[in-house]
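Here are the chains, one letter per residue:
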Amino acid sequence: MTDARPASTTSPDSSDAVLVVGAGGVVGRSVVEHFARSGVRTRGASRRAPQGPVSGWNHLPVDLSDADAATEGLRPAADTTRLAFAAYVEHTDLAAQIAPNVALLENTLDALDRLGAPLRHVTLYQGMKYYGAHLGRFRTPAKEDDPRLMVPNFYYDQEDLLRERAAERGFAMTVLRPEAVIGYAQGTPMNLLMALGTYVSMTKELGLPLRFPGARTTYDGIFYQMTDAELLARATDWAGTTPAAAGEAFNVTNGDVVRWSHLFERLAEHHGLDLAEPQSMELAQVMPSREDLWQRMVERHGLVATPYSDLVDWRFADMILHSTWDNVSSLIKIRQAGFGECHDSADRLVELLDDLGRRRILPVPRG
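The rules we used
- Residues numbered from 1 in each chain as written.
- Predicted model: local features only at pLDDT ≥ 70, side-chain atom pairs only at ≥ 80, totals over all residues.
- Heavy atoms only, no water.
- Helix = DSSP H or I, 4+ residues; strand = E, 2+ residues; numbered from the N terminus.
- Expected span 1.5 Å × (residues − 1).
- Buried < 20%, exposed > 50% of the residue type's maximum accessible area, 1.4 Å probe, protein only.
- Contact = heavy atoms within 4.5 Å.
- Polar contact = N/O pair within 3.5 Å; in protein donor to acceptor, adjacent residues only side chain to side chain.
- Pairing = 2+ DSSP bridges.
- Axes fitted to C-alpha atoms, helices over the stretch in contact; angles between N-to-C directions.
- Salt bridge = Lys/Arg side-chain N within 4 Å of Asp/Glu carboxyl O.
- Parallel < 35°, antiparallel > 145°, perpendicular 65-115°, else oblique.
- Nonpolar A, V, L, I, M, F, W, Y, C, P; charged D, E, K, R; others polar.

**Things to note about helix α14 (residues 345–358)**
Reasoning step 1: The end-to-end C-alpha distance of α14, which contains 14 residues, comes to 20 Å, matching closely the 20 Å that a straight helix rising 1.5 Å per residue would cover.
Reasoning step 2: Most of α14 sits inside the fold, with 11 of its 14 residues counted as buried.
Reasoning step 3: Where α14 is concerned, the buried positions are S345, A346, R348, L349, V350, E351, L352, L353, D355, L356 and G357.
Reasoning step 4: The elements touched by buried residues of α14 are β7 (181–182), α5 (192–205), β8 (227–228), α7 (229–241) and α8 (260–271).
Reasoning step 5: Near the N-terminus of α14, the side chain that reaches the backbone nitrogen of A346, with its oxygen 3.1 Å away, is that of D344.
Reasoning step 6: Directly beyond the C-terminal end of α14, a positive phi value near 65 degrees is found at R360.

**Re the sheet that holds strand β3 (residues 58–61)**
Reasoning step 1: Within the open sheet, the 7 strands sit side by side as β3-β2-β1-β4-β5-β6-β9. Their pairing is parallel. Among the strands making up the open sheet, the edge pair consists of β3 and β9 (249–251). For this sheet the average axis-to-axis angle between neighbouring strands, irrespective of direction, equals 20 degrees.
Reasoning step 2: Pairing geometry for strand β1 (residues 17–21) and strand β4 (residues 82–85), over 4 bridges, is parallel. Residue pairing in the sheet places V20 in a bridge with A84 of β4.
Reasoning step 3: Running over the sheet, α7 touches β4, β5 (121–125), β6 (172–177) and β9 and is turned about 145 degrees from β5.

**Describing the pattern of salt bridges**
Reasoning step 1: By the definition in use, this model includes 27 salt bridges.
Reasoning step 2: Taking the shortest distance from any N to any O, the salt bridge between E159 and R163 comes out at 3.0 Å. Note that E159 and R163 are positioned in helix α4 (residues 154–169) at a spacing of 4 residues, about one turn of the helix.
Reasoning step 3: Accessibility expressed as a relative area gives 4% for E159, which makes it buried.

**Quick word on α5**
One turn of an α-helix holds 3.6 residues; hence residues three or four places apart share an orientation.
Reasoning step 1: Here α5 is 14 residues long and its end C-alpha atoms lie 20 Å apart, about the 20 Å a rise of 1.5 Å per residue gives.
Reasoning step 2: The element α5 is largely enclosed, with a buried count of 12 among its 14 residues.
Reasoning step 3: All buried positions along α5 are accounted for by L192, L193, M194, A195, L196, G197, T198, Y199, V200, S201, M202 and T203.
Reasoning step 4: Two to three positions downstream of the cap, the backbone nitrogen of L193 sits 3.0 Å from a side-chain oxygen, assigning the N-cap of α5 to N191.
Reasoning step 5: Looking one or two residues beyond α5, the residue adopting positive phi is G207, at roughly 75 degrees.

**Focus: the environment of R359**
Reasoning step 1: Mapped onto the elements, R359 comes out in the segment after α14.
Reasoning step 2: Taking relative accessible area as the criterion, R359 reaches 33% and is therefore assigned partly exposed.
Reasoning step 3: On a C-alpha basis, the gap between R359 and L124 in space is 29 Å, while along the polypeptide they are 235 residues apart.
Reasoning step 4: Setting aside anything within four residues of it in sequence, one finds R359 in contact with Y184 and V304.
Reasoning step 5: Side chain to side chain, R359 and D355 meet in a polar contact 2.8 Å long.

**Side note on the packing of α5 against α14**
Reasoning step 1: Put simply, α5 and α14 touch, their axes get as near as 11 Å, and they point 75 degrees apart. Between α5 and α14, the angle is such that the two are roughly perpendicular. The segment α5 lies against α14, with L193, M194, L196 and G197 engaging L349, L352, L353 and L356.
Reasoning step 2: Of the residues in the contact of α5 with α14, the class split is 7 nonpolar, 1 polar and no charged.

Below, the structure is given as structure tokens:
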């Protein structure tokens, strides 16, 4: 596995204190671990205790949906200078997503303000849904100054709130827009890495050839993009220390695009599988019946006993694998501002699957 972690952006400063909200997710976990490795005083907030080892940072169990609970729970983080906000509440109705997600951010910002935190910078994470990627074909490559849509979108409301609070309270802010963040996190079902890894591992366990389960048009007719979680963490660090990033929004991806046909060829080769013709199916309907298979895999391969319901959100996988339009964003703005890190997405995907094998989250691909 190649080292995907160049020297840290941050030079440890005794005055720095980073708070990562949503530390249990794939984004938050990588950001927490990045700053902890850098020697920065780091805290991660989430309602649930993190799964897996916690090293070099402190976990704060906080219910940020309640303003009073947020203030009390964040009291140990009263010295926070930098906030990375990666919390999210899922709801199938787009309009219903707005209030709870805005409340999470508002309660966090107001709690830190009431506690007298010397906040200097906030990073907020969005995604390609900002441009309508979840709705159908949209303008590509998407650029940061593309106009908003009429459709309800909590990204817009959160960003407006953050800009308002930043202007009122004198801290800087940056918005980062990744897509399909891939990285290590347990108990985070909306994770493309786990969806692909679980699907391919189950295919191998059953002795079947690998088939792309989405739309045929998606398989060989569109371009897609991904964002490595560790790369996103380094972009977060960069944003908080770069004057040119203050007040700006940036697309952040690995820097390349992929076709699913090429990616599945690589996955089949890496797992020692034959590649067969695609077969469109709804994973959300098919995969729940495979819980017994997962339990057998846990026992046979000595895996971490992750509850099947926490393993993958198959609806999330279906949304991506059945999207029949390009999903590509421009990286010109962030490169011109000074952040130029990149990955080959296929190489990085198999490296991360190998890492999951070493962690015993999934079977070792070559095992």
